[in-house]
Amino acid sequence: MLKRLFLSLAVLAIGANLSFADEGHDHAKGAAHEEGAKHGGVVAHSGHHHLELVAKGGTIELYITAEDGDAEDLSTAKASATVLAEGKTEMVALAPAGGNTLKGTGNFNAGKGTTVVVSLTLPGHEPEQARFKID
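Per chain, residue numbering runs from 1 following the sequence as it is written. Thresholds applied to this predicted model are a pLDDT of at least 70 for local features of residues and 80 or more for the giving and counting of side-chain atom pairs; totals over whole chains, interfaces and linings are not thresholded and use all residues. Heavy atoms from the whole structure form the basis of all side-chain values; hydrogens and water molecules are not counted.

Undergrad: Would you explain the pattern of salt bridges in this entry?
TA: Note on pairing: side chains with opposite charge can pair once their charged atoms come close. Each salt bridge in this description consists of a side-chain nitrogen of Lys or Arg and a carboxyl oxygen of Asp or Glu lying within 4 Å of one another. Summed over all chains, the structure comprises one salt bridge. The closest approach of N and O atoms between Glu61 and Lys103, which form a salt bridge, is 3.8 Å. With Glu61 in strand 2 (residues 49-66) and Lys103 in strand 5 (residues 101-110), the pair connects residues that are 42 residues apart, well separated along the chain. Elements are defined by DSSP. Helices are runs of H or I of four residues or more, strands are runs of E of two residues or more, and each kind is numbered from the N terminus.

So this is what it looks like as structure tokens:
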């Protein structure tokens, strides 16, 4: 009986912790949580940002928005991408390309099965990293 009570309390405690796992990820003023890709890419969440990667041929575009859906100022952003495509690995520097976009090109052919790992540093934020798999 005591064992069941302890087990029940443990399960309840774990469930309570899981319900607060996303507590720090709120949206200002009730903004909607937009999960979808607005530019036809692959979406990931990193730190306090929503990232969308569009990779075609030898070009990578990374769209970055804050948690509240607002575009981030990327004029002083530092970012790079490690592209694993067709059995080859290539490092690509990503530079501000206007608005909330970073862009880079390289000697790779992004397509199905390509993996891209992005490292991103924005002023006032901790460095972030996100992994994308193109299906």
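Undergrad: What's the story with the environment of Thr105 in this structure? I'm lost.
TA: Along the chain, the position of Thr105 falls in strand 5. Since its relative accessible area comes to 56%, Thr105 is described here as exposed. Between the C-alpha atoms of Thr105 and Met91, which are 14 residues apart in sequence, the distance is 9.7 Å. Contacts are assigned to residue pairs that have any heavy atoms within 4.5 Å of one another. Excluding its chain neighbours within four sequence positions, the residues that come into contact with Thr105 are Gly58, Thr59 and Val92. The rule is simple: take the accessible area with a 1.4 Å probe, protein chains only, and divide by the maximum for that residue type; under 20% is buried, over 50% is exposed, in between is partly exposed.

Undergrad: Please clarify how the pairing of strand 1 (residues 42-46) should be interpreted in this entry.
TA: Two faces make up the sheet, and in a regular strand the side chains alternate between them. Pairing between two strands requires that DSSP report at least two bridges joining them. Across five bridges, the pairing between strand 1 and strand 2 is antiparallel. Bridge pairing in strand 2 links His45 to His50. Here strand 1 folds back onto strand 2, and the loop between the two strands holds two residues, one of which, Gly47, carries a positive phi near 60°.

Undergrad: How do you make sense of the sheet that holds strand 6 (residues 115-121) when you look at a structure like this?
TA: Paired through their backbone hydrogen bonds, the strands of a sheet run either parallel or antiparallel. Spatially, 1-2-5-4-3-6-7 is the arrangement adopted by the seven strands of the open sheet, whose pairing is antiparallel. Lying at the two open borders of the sheet, with one neighbouring strand each, are strand 1 and strand 7 (128-133). Adjacent strand axes in the sheet meet at a mean angle of 25°, parallel and antiparallel pairs treated alike. Bridge analysis of strand 3 (residues 78-85) against strand 4 (residues 88-96) gives seven bridges, and the strand direction is antiparallel. Considered in strand 4, the bridge of Leu84 is made with Thr89. The axes are straight lines fitted to the C-alpha atoms, using for helices just the contacting stretch, and the angles between their N-to-C directions are given from 0 to 180°.

Undergrad: What should I look at first to understand the nonpolar core in this one?
TA: Across soluble globular proteins, nonpolar side chains have a tendency to be buried as a group. Membership of the largest hydrophobic core comes to 25 residues, with the highest contact counts inside it found for Leu53, Ile60, Leu62, Leu94, Leu102, Val118 and Phe132. Contributions of two or more residues to this core are made by strand 2, strand 3, strand 4, strand 5, strand 6 and strand 7. Sorting elements by how many residues they give to this core places strand 2 first, with six residues. Among residues more than four places away in sequence, those in contact with Leu94 are Ile60, Leu62, Ala79, Ser80, Ala81, Leu102, Lys103, Gly104 and Val118. Only buried residues count toward a nonpolar core. Its members are Ala, Val, Leu, Ile, Met, Phe, Trp, Tyr and Cys residues joined through side-chain atoms within 4.5 Å.

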